[in-house]
Amino acid sequence: MQIVGLILALLLILVAFVFIRTFLFIRKASLENGSDLPGVDVPEFHADRDAAAKHLSEVIQIETISHEDPTENVPENFEKLHKLLAKNYPLVYKTLKHEVVGDASLLFTWPGKDLSLDPVLLAAHQDVVPAEGSSLSQWTYPPFSGKIAEGFIWGRGTLDIKSQLVSLLESVEALIANGYQPERTVMLGFGSDEEVMGVGAKAIVALLQKRGVHLAAMVDEGGSVYDGLIPGVKGLTGAIGVAEKGYLSLRVWVDDHAGHSSTPAESTATSTLIRALNRIVDHPYPAKVSMISPMFEKYGAVASPVMQMAFGNLWLFGGVIKKILLKSGETAATIRTTTAVTILRGGVKDNIIPGHAEAVVNFRLLPGDTIAYVCDRLRKVIADDRVQFEPVRGNAWEASPVSPIDCDPYRHLASTAREFFPDLPCAPYIMLGGSDARNYYAICENVYRFSPYSMNDEDLGRVHGVNERLSVEAFGVMVDYFYRLIPRWSQKEL
Ligand SMILES: [Zn+2]
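Numbering of residues begins from 1 in every chain and follows the order in which that chain's sequence is written. In keeping with the predicted nature of the model, local features appear solely for residues at pLDDT of at least 70, side-chain atom pairs appear and are counted solely at 80 or more, and the whole-chain, interface and lining totals rest on all residues. Each side-chain value is derived from all of the structure's non-hydrogen atoms; neither hydrogens nor water enter the calculation.

A.B. asks: Run through the overall build of the protein chain, naming residues and quoting values.
C.D. replies: What the protein chain contains, in helices and strands, is 15 helices and 17 strands. A compact globule built from 494 residues would reach a C-alpha radius of gyration of about 23 Å, and the protein chain, at 26 Å, matches this within 12%. Projected onto its principal axes, the C-alpha coordinates of the protein chain cover approximately 80 × 75 × 50 Å. Throughout, exposure labels follow a simple rule: accessible area from a 1.4 Å probe, protein chains only, divided by the maximum for the residue type, with under 20% read as buried, over 50% as exposed, and the rest as partly exposed. The buried share of the protein chain, taken over its 494 residues, is 53%. Look at the contacts in the protein chain between residues 6 or more apart in sequence, and 82% of them connect residues 24 or more apart. Computed with a 1.4 Å probe, the accessible areas rest on the Shrake-Rupley method; for each residue, only the protein chains presented here act as cover. Taken as a whole, the protein chain presents about 22600 Å² of accessible surface, with 58% of it coming from carbon and sulfur. We count Lys and Arg on the positive side and Asp and Glu on the negative side, and we leave His and both chain ends out. Where a charge sits is defined by one atom per residue type, namely NZ (Lys), CZ (Arg), CG (Asp) or CD (Glu). Once the 46 positive and 58 negative side-chain charges of the protein chain are each reduced to a mean point, those two points are 4 Å apart. Only DSSP runs of H or I with at least four residues qualify as helices, and only runs of E with at least two residues qualify as strands; both kinds are numbered from the N terminus onward. Throughout, radius of gyration means the C-alpha value; the globule benchmark is 2.2 Å times the number of residues raised to the power 0.38. The contact rule is simple, with two residues in contact once any of their heavy atoms fall within 4.5 Å.

A.B. asks: Describe the sheet that holds strand β17 (residues 469-471), naming the residues involved and giving the relevant values.
C.D. replies: The strand order across the open sheet formed by three strands is β4-β5-β17, and the pairing between neighbours is antiparallel. Of all strands in the sheet, those bounded by a partner on one side alone are β4 (148-149) and β17. In this scheme, strands are said to pair when DSSP sees at least two bridges between them. As paired strands, strand β5 (residues 152-154) and β17 are joined by three bridges and run antiparallel to one another. In the strand pairing of β17, W154 is matched with R469. Lines fitted to C-alpha atoms define the axes here, with helix axes fitted over just the stretch in contact, and angles between the N-to-C directions of these axes take values from 0 to 180 degrees. Across the sheet, helix α2 (residues 49-60) lies against β4 and β5, angled at about 15° from β5, the strand it touches most. Helix-sheet contacts for helix α15 (residues 472-489) involve β4, β5 and β17, and the interaxial angle to β17 is about 75°.

A.B. asks: Please set out the coordination of the zinc ion residue by residue, giving values where relevant.
C.D. replies: Water is absent from the atoms considered, so a metal site may look incomplete; donors are defined as N, O and S atoms within 2.8 Å of the metal, or 3.2 Å for Na, K and Ca. Coordination of the zinc ion by the protein involves H125 (NE2), D160 (OD), E221 (OE) and E221 (OE), with metal-donor separations of 1.9 to 2.6 Å. Geometry is assigned from the angles between donors: four donors with all angles from 85 to 135 degrees make a tetrahedral site, four or six donors whose opposite pairs exceed 155 degrees while the rest stay between 65 and 115 make square planar or octahedral sites respectively, and everything else is labelled irregular. Between the four donor atoms coordinating the zinc ion, the angles at the centre fall across 54 to 149°, so the site counts as irregular. Written as a sequence motif, the donor arrangement for the zinc ion is H-x34-D-x60-E. With D160 in the loop between β5 and α5 (162-177) and E221 in strand β7 (residues 217-227), the pair connects residues that are 61 residues apart, well separated along the chain. Taken as a pair, D160 and E221 share a single burial class, namely buried.

A.B. asks: Just give me the short version of the pattern of salt bridges, but keep the residues and values in it.
C.D. replies: Each reported salt bridge corresponds to a side-chain nitrogen of Lys or Arg within 4 Å of a carboxyl oxygen of Asp or Glu. Applying the stated criterion across every chain, the model contains 23 salt bridges. With a shortest N-O distance of 2.8 Å, E244 and R449 are connected by a salt bridge. Residue E244 is found in strand β8 (residues 236-244), and its partner R449 is found in strand β16 (residues 447-455); the two are separated by 205 residues along the sequence. For E244, a relative accessible area of 0% corresponds to the buried category. According to the relative accessible area criterion, R449 is buried, its value standing at 0%.

A.B. asks: Give a description of the packing of α2 against α15 that names residues and reports values.
C.D. replies: Interhelical geometry of α2 versus α15 gives an angle of 95° and a closest axis separation of 9 Å. Comparing their axes, α15 and α2 come out roughly perpendicular. From α2, R49, D50, A52, A53 and L56 reach across to α15, where they touch V472, E473, F475, G476, V477, V479 and D480. Residues are sorted three ways: Asp, Glu, Lys and Arg are charged, Ala, Val, Leu, Ile, Met, Phe, Trp, Tyr, Cys and Pro are nonpolar, and all the rest, Gly among them, are polar. Here the residues of the contact of α2 with α15 are counted per class, giving seven nonpolar, one polar and four charged. Relative orientations are named as follows: roughly parallel for angles under 35 degrees, roughly antiparallel for angles over 145 degrees, roughly perpendicular for angles from 65 to 115 degrees, and oblique for any other angle.

A.B. asks: Let's hear about the sheet that holds strand β13 (residues 356-365): which residues, and what values?
C.D. replies: Hydrogen bonds between backbone atoms are what pair the strands of a sheet, whose relative direction is either parallel or antiparallel. Strand order in the open sheet formed by four strands is β11-β13-β9-β14, with antiparallel pairing between adjacent strands. Looking at which strands have only one partner, the edges of the open sheet turn out to be β11 (338-346) and β14 (387-397). Taken pair by pair, the neighbouring strands of this sheet meet at an average axis angle of 20°, ignoring direction. In this sheet, β13 lies alongside strand β9 (residues 246-255) in antiparallel orientation, the contact comprising ten bridges. Directly across from G246, in β13, lies its bridge partner L365. Along the sheet, helix α7 (residues 269-282) contacts β9, β11, β13 and β14; its crossing angle with β13, the most-contacted strand, is approximately 15°. Lying on the sheet, helix α12 (residues 371-382) is in contact with β9, β13 and β14; it crosses β14 at an angle near 160°.

A.B. asks: How would you sum up the environment of L325? Please name residues and give values.
C.D. replies: Mapped onto the elements of the fold, L325 is located in helix α10 (residues 314-326). Considered as a pair, L325 and R211 are 114 residues apart in the sequence and their alpha carbons are 45 Å apart.

A.B. asks: Describe α5, listing the residues and the values that go with them.
C.D. replies: What sets the pattern is the α-helix's 3.6 residues per turn: residues three or four places apart point alike. Over its 16 residues, α5 runs 22 Å from end to end, which matches the ideal 22 Å to within 8%, given 1.5 Å per residue. For α5, the tally of buried residues reaches 15 of 16 residues, placing the bulk of the element in the interior. For a helix, the expected span equals 1.5 Å multiplied by the number of residues minus one.

A.B. asks: If you had to explain the packing of aromatic side chains to someone new, which residues and values would you point to?
C.D. replies: Only the six-membered ring of Trp is used, alongside the rings of Phe and Tyr, when aromatic pairs are assigned; centres must lie within 6.5 Å, and planes under 30 degrees apart are stacked while those over 60 apart are edge-to-face, with the rest tilted. Under the definition given, this model contains 15 aromatic pairs. Centroid distance Y247 to W397: 4.8 Å. Interplanar angle 20°. Geometry classified as stacked. Here the residue Y247 occupies a position in strand β9, and W397 occupies one in strand β14, the gap between them amounting to 150 residues. Joined through ring pairs, the aromatic side chains of F420, F450, Y481 and F482 make up one cluster. When the NZ atom of lysine or the CZ atom of arginine is within 6 Å of a ring's centre and also within 35 degrees of its normal, the charge is said to sit over that ring. Geometry around Y285 places R377 over its ring, the cationic atom sitting 4.4 Å from the centre.

A.B. asks: Provide a residue-level description of the domain arrangement of the protein chain, including the pertinent values.
C.D. replies: Note: domain ranges come from an automatic or database domain assignment. Under the domain assignment, the protein chain is made up of domain 1 (49-244 + 402-489) and domain 2 (246-397). Placing a centre on the C-alpha atoms of domain 1 and another on those of domain 2 gives a separation of 32 Å. When the area that domain 1 buries against domain 2 is broken down by residue, the three leading residues are I430, L432 and R438, summing to 28%. At the junction of domain 1 with domain 2, the criterion picks out zero salt bridges. Counted as a polar contact is a pair of N or O atoms within 3.5 Å, where, for protein atoms, one must be capable of donating a hydrogen and the other of accepting one, and residues adjacent in sequence contribute only when both atoms are in side chains. Put simply, domain 1 and domain 2 have two residue pairs in polar contact (both at pLDDT 80 or more) between them. Here's the idea: put two parts together, see how much 1.4 Å probe accessible area each one loses, and the total over both is what we call buried area.

Following this line, the structure appears as structure tokens:
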């Protein structure tokens, strides 16, 4: 009887402890979300929605496509785009120094009043992915029509990411028109090939590095305002990218005796490769819930009660959370280095055993998991000297560092977002895909990824998909957002 009483008492203490931790977790999140930094006094401005939409539409109509095969690219289209920008943004071209870097990347420099301060840089890319031929008939309006209809601007680049490029220029044009001059130098960097190699952004960074420039902060595409996309959190949430995963493709191969399939040896190139691939797939990289706990710490105030209890008590529920997240490919990718066998090659005839078999395995590396670590572990997992592997040329980069969130550049991004999306809970997140932003860590610690438009599940499918579009109103908000953010970021104190 006494033992039952003791167990009950312990259970009660445990429950009380879990509840107290949950309460503290919610309180901490609410306090943080309420601590907005004040904005900067600039003349009142609201972008003319229709005029701005028309400018974006014109940019969408120029097919600045990045092809996997660079010989298919049309350099004249980039020149056309540059001419259009110069025509639409006369004050920007008059006031800012502008340079074409590399093939077609653009760098604008708006000198600040105090040249001793580190500049800030706002980025986007000029290129878009092609619209796949087989899906063309599914588009409501052709992908490069830039049609403005039903309250939307339609076409490739409206979400990814010409909207950011155009809204940055719109906002700077308006700031100049309103007599604003930045305290700190403001730069705009527009890469020309983000969708393929990102060489343009690398060239911009190399040029700045050569000039000895260190940036106080930079922002590029990446997170945005998500509508119902975070599991366990209802409504709008701001997701600010603070890191992005690394990329590694390994060619894995086996050479062995070729022969007739009627007398196979105990092991062949194909069978050895299959065994190795099975071991690779059966031994995924360790999952780390700690990767996403900062995100849920910030969303704590608005998450569902179950989520609040779970993330407030990771010591108890960490294992369960991990299990749940690993069930879906998308959530699993946020907490582990992923492994995917993407190409298989071997053999040419049904009755010949090939002497060579190979595969390509693609990894997306979590920050903290280096390429060296992934390869070392892979060698141990395969545990077979007959299996060799090497990186596919040009297709590898480390995961980015994780940018800080305890600093003013990050807080200004979130605070500005709350000027347009009241009480928006904002949190750091790790971008699963890649962006030009990763190159900027060479000259900047405060690298962020944020595009201030809201998107739901359906919009997510439109990125690189069919019927990419952005509402005229949402685009106007983007212009207004950068009009407010740029003065915040170019203050003396940052
Ligand atoms: Zn993009």
